[in-house]
Amino acid sequence: MSERIRASVCMATYRGAEFVAEQIESIVAQLGPDDELVIVDDCSPDDTVAVIIQTVARLGESRVFLTRTDHNVGYVRAFEAAIRRSRGRFVFLSDQDDVWTPGRHEAMIAGLARALVVAGNHSILGRDGARLWYPPLRSSTSQRPLLNLFAILIGYRPYFGCAMGFRREAIAGGILPIPSYVTESHDVWIAITGNVRRSIRHLELDVVERRLHESNQTPLGIRSLGTILRARRMFLRLIAEAVRRASRARAARR
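Our subject in this report is the structure included herewith. Here the residue index of a chain counts from 1 through its sequence in written order. Confidence filtering applies because this is a predicted model: local features only for residues at pLDDT of at least 70, side-chain atom pairs given and counted only at 80 or more, and all residues used for totals across whole chains, interfaces and linings. Side-chain measures were taken over the full set of non-hydrogen atoms in the model, leaving aside hydrogen atoms and water.

With that settled, consider the environment of Val38. Strands here mean DSSP runs of E at least two residues long; helices mean DSSP runs of H or I at least four residues long; both are numbered from the N terminus. Inspection of the secondary structure puts Val38 in strand β2 (residues 36–41). In this structure, the C-alpha to C-alpha distance between Val38 and Cys10, residues 28 residues apart in sequence, is 4.9 Å. By definition in these notes, contact holds between two residues if any of their heavy atoms fall within 4.5 Å. Excluding residues within four positions of it along the chain, Val38 makes contact with Val9, Cys10, Met11, Phe65, Ala82, Arg85 and Ser86.

Structure (structure tokens):
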């Protein structure tokens, strides 16, 4: 069965009842017959699961698969669980409250033709042309992994999981398992993995419209200096871990 699945979209949900139906609709509208949407709800205390079930039933969808954690594990582990449940050759991440832009799915699959990881840009839902303060990704920097890693360390690369995807070959011994000390920024870990392996593709397209609201899991405000420094230390640790895994993978192929 897994051999017939082309692409898996992995979504983690938590307290997402207000917006998740619109996001599911925007995703399934682009899925092909051999694609799937894998949702892991992180034990939401609200009506998120009921809304998902009702939306899937209303759409008559058989390509959506929903599971629920036994207890709240946090969004990084929920995404990890969704990735483990996925079966597609290509895997994409999705937040619960955004909206996919038209043509995103096929554009990102094409972007993975010769790269392990793909990353696109985003816009802000309801604000034409608006972005967060990050400079957009440029295709010309796809082949500059050292520059990208440096930009990650100084907080200057807009790698957001909701605009990223990867090939199945990048999962075992690469992206997964996500290091245990990662409680946020799983998307940066994926980007680090792609850059360390010199196999990442930047798309200049806006592939998702991000919805900004007070309940976003990704912090939107300015962080304290201490928080920033702790994050940078974690990124350095992740780079070292990605190098170790890449070296081990090369040795295994010899």
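What follows concerns the environment of Leu146. Mapped onto the elements of the fold, Leu146 is located in helix α5 (residues 145–153). Separated by 49 residues in sequence, Leu146 and Asn195 have C-alpha atoms that sit 7.5 Å apart.

A word on the environment of Pro45. Structurally, the position occupied by Pro45 is in the loop between β2 and α2 (48–59). Each residue touching Pro45, except ones within four places of it in the same chain, is listed here: Tyr14 and Arg15.

It is worth spelling out the packing of aromatic side chains at this point. Any two of the Phe, Tyr and Trp rings considered here, Trp counted by its six-membered ring, make a pair once their centres fall within 6.5 Å; the pair's planes then place it as stacked at under 30 degrees, edge-to-face at over 60, or tilted in between. Overall, the coordinates contain 0 aromatic pairs when judged by the stated rule. Should the NZ of a Lys or the CZ of an Arg lie within 6 Å of a ring centre and within 35 degrees of the ring normal, that charge is described as sitting over the ring. Stacked on the ring of Phe65, the Lys or Arg Arg87 has its end atom at 5.2 Å from the ring centre. Taking NZ or CZ as reference, Arg210 lies 4.4 Å from the ring centre of Phe160, over its face.

This paragraph deals with unusual backbone geometry. Here the bond from Leu176 into Pro177 is cis, since omega is -5°, no more than 30 degrees from zero. Topologically, Pro177 is positioned in the loop between β7 (164–167) and α6 (186–196). Positioned with a positive phi, Ser185 is a non-glycine residue whose angle comes to about 60°. Summarising the element assignment, Ser185 is placed in the loop between β7 and α6. The cut-offs for exposure are 20% and 50% of the maximum accessible area for each residue type, with area from a 1.4 Å probe on protein chains only; residues under the lower value are buried, those over the upper are exposed, and the others partly exposed. Take Ser185: its relative accessible area is 15%, and that puts it in the buried class. Even without being a glycine, Arg198 presents a positive backbone phi close to 55°. Relative to the elements of secondary structure, Arg198 occurs in the loop between α6 and β8 (200–210).

With that settled, the discussion passes to the packing of helix α1 (residues 20–28) against α2. The axes are straight lines fitted to the C-alpha atoms, using for helices just the contacting stretch, and the angles between their N-to-C directions are given from 0 to 180°. Packing of α1 against α2 leaves a shortest axis separation of 9 Å and a crossing angle of 40°. Like other packed secondary-structure pairs, α1 and α2 cross with a definite hand, here right-handed. For the pair formed by α1 and α2, the contact residues are Val20, Ala21, Ile24, Glu25 and Val28 on the first element and Val51, Ile52, Thr55, Arg58 and Leu59 on the second. Should the near helix be turned anticlockwise from the far one by less than a right angle, the crossing is termed left-handed; should it be turned clockwise, right-handed.

Our focus in this paragraph is the packing of α5 against α6. Contact geometry for α5 and α6: axes closest at 9 Å, N-to-C directions at 155°. Here α5 lies roughly antiparallel to α6, going by the angle between them. In terms of crossing hand, the pair formed by α5 and α6 is left-handed. Side by side, α5 and α6 meet where Pro145, Asn148, Leu149 and Ile152 of the first sit next to Val188, Ala191, Ile192, Asn195 and Val196 of the second. Residue type decides the class: Asp, Glu, Lys and Arg count as charged, Ala, Val, Leu, Ile, Met, Phe, Trp, Tyr, Cys and Pro as nonpolar, and the leftover types, Gly among them, as polar. Of the residues assigned to the contact of α5 with α6, the class counts are 7 nonpolar, 2 polar and no charged. Orientation categories follow fixed angle ranges, with anything under 35 degrees roughly parallel, anything over 145 roughly antiparallel, 65 to 115 roughly perpendicular, and all other angles oblique.

Here we come to α6. Of all 11 residues that make up α6, 11 are buried, and the element is covered over most of its length. Taken as a whole, α6 has its buried residues at His186, Asp187, Val188, Trp189, Ile190, Ala191, Ile192, Thr193, Gly194, Asn195 and Val196. Among the residues trailing α6, Arg198 stands out with phi positive, at a value near 55°.

For this analysis, a nonpolar core means a set of buried residues of the types Ala, Val, Leu, Ile, Met, Phe, Trp, Tyr and Cys, connected via side-chain atoms within 4.5 Å. Residues Ile152, Tyr159, Phe166 and Ile192 are the most contacted members of the largest nonpolar core, which totals 42 residues. If you look at the next biggest cluster of nonpolar residues, it comprises 28 residues, including Leu37, Ile39, Phe160 and Cys162.

This paragraph deals with the pattern of salt bridges. For this document, the term salt bridge refers to a Lys or Arg side-chain nitrogen within 4 Å of an Asp or Glu carboxyl oxygen. Scanning all chains against the criterion turns up 13 salt bridges. For Glu106, the salt bridge goes to Arg6, with nearest N and O atoms at 2.9 Å. Of the two residues, Glu106 sits in helix α4 (residues 104–111) while Arg6 sits in the segment before β1 (7–13), which places them 100 residues apart along the sequence. Note that Arg138 and Glu204 form a salt bridge whose closest N and O atoms lie 4.0 Å from each other. Here Glu204 lies in strand β8 and Arg138 lies in the loop between β6 (117–124) and α5, a separation of 66 residues in the sequence. The network of salt bridges with common partners includes Arg6, Asp35 and Glu106.

Such coordinate-based values are descriptive only and should not be taken to indicate function.
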